[in-house]
Amino acid sequence: LLLNVDRTVRQTPDPQTTQPRDPNEKNRIMVVDDTYENRMLVRAIFATYGFEVLEAESGMEALELMGKIPPDVILMDMRMPGMDGIETTRRIKDMEAGRDIPVIGVSASAFQEDADQLAEAGGCDFIKKPFEPRELVSLVSLHSGLVLES
């Protein structure tokens, strides 16, 4: 994780999987959480790095957004009414647009079973609430290939 004063983000190119990207296009993170305060916290953290933050308060809303504006990385609440984070992740990974997008699970429970189910659904990592902002930023950087500079 590279930190610098101007808090900009640059894409780490992977020549085998990365398609050319418009340099003026913002990096996008989608936060899927039924709790408004949790979505606002993620917005505040990643807006400082210049991210466009997409919000979905349900699994169904996340699937709709995926069809319109695919993000670079997704933060997925595991426990939501209706479609939970495991099923939402599974459906995102079944979509062509979502196959290569890293999904990081976020939950107040720290059961290994939750992390295992997320991994089986296609998720790449798991973080427990409450989390330290630096820890979340580090996970997003690690799994998305985005180098965050602050």
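The rules behind the values
- Residues numbered from 1 in each chain as written.
- Predicted model: local features only at pLDDT ≥ 70, side-chain atom pairs only at ≥ 80, totals over all residues.
- Heavy atoms only, no water.
- Helix = DSSP H or I, 4+ residues; strand = E, 2+ residues; numbered from the N terminus.
- Contact = heavy atoms within 4.5 Å.
- Buried < 20%, exposed > 50% of the residue type's maximum accessible area, 1.4 Å probe, protein only.
- Pairing = 2+ DSSP bridges.
- Right-handed = clockwise from strand over helix to strand, strands pointing away.

**Section: unusual backbone geometry**
Now for step 1: Cis geometry marks the peptide bond from K129 to P130; its omega dihedral reads -10°.
Now for step 2: One can find P130 in the loop between strand 6 (125–128) and helix 5 (133–144).

**With respect to the side chain of D114**
Now for step 1: Examined against the element boundaries, D114 turns out to sit in helix 4 (residues 112–121).
Now for step 2: Those residues within four positions of D114 in sequence are excluded, and the remaining contacts are R79, I86, S107, S109 and F126.

**Observations concerning the pairing of strand 2 (residues 28–32)**
Now for step 1: With 5 of its 5 residues buried, strand 2 lies for the most part within the structure.
Now for step 2: Of the two faces of strand 2, the one holding R28, M30 and V32 and the one holding I29 and V31 are both buried throughout.
Now for step 3: The sheet contact formed by strand 2 and strand 3 (residues 52–56) spans 5 bridges and is parallel. For R28, the partnering residue across the bridge sits in strand 3 and is E52.
Now for step 4: In this fold, the crossover linking strand 2 to strand 3 by way of helix 1 (residues 36–47) has right-handed handedness.

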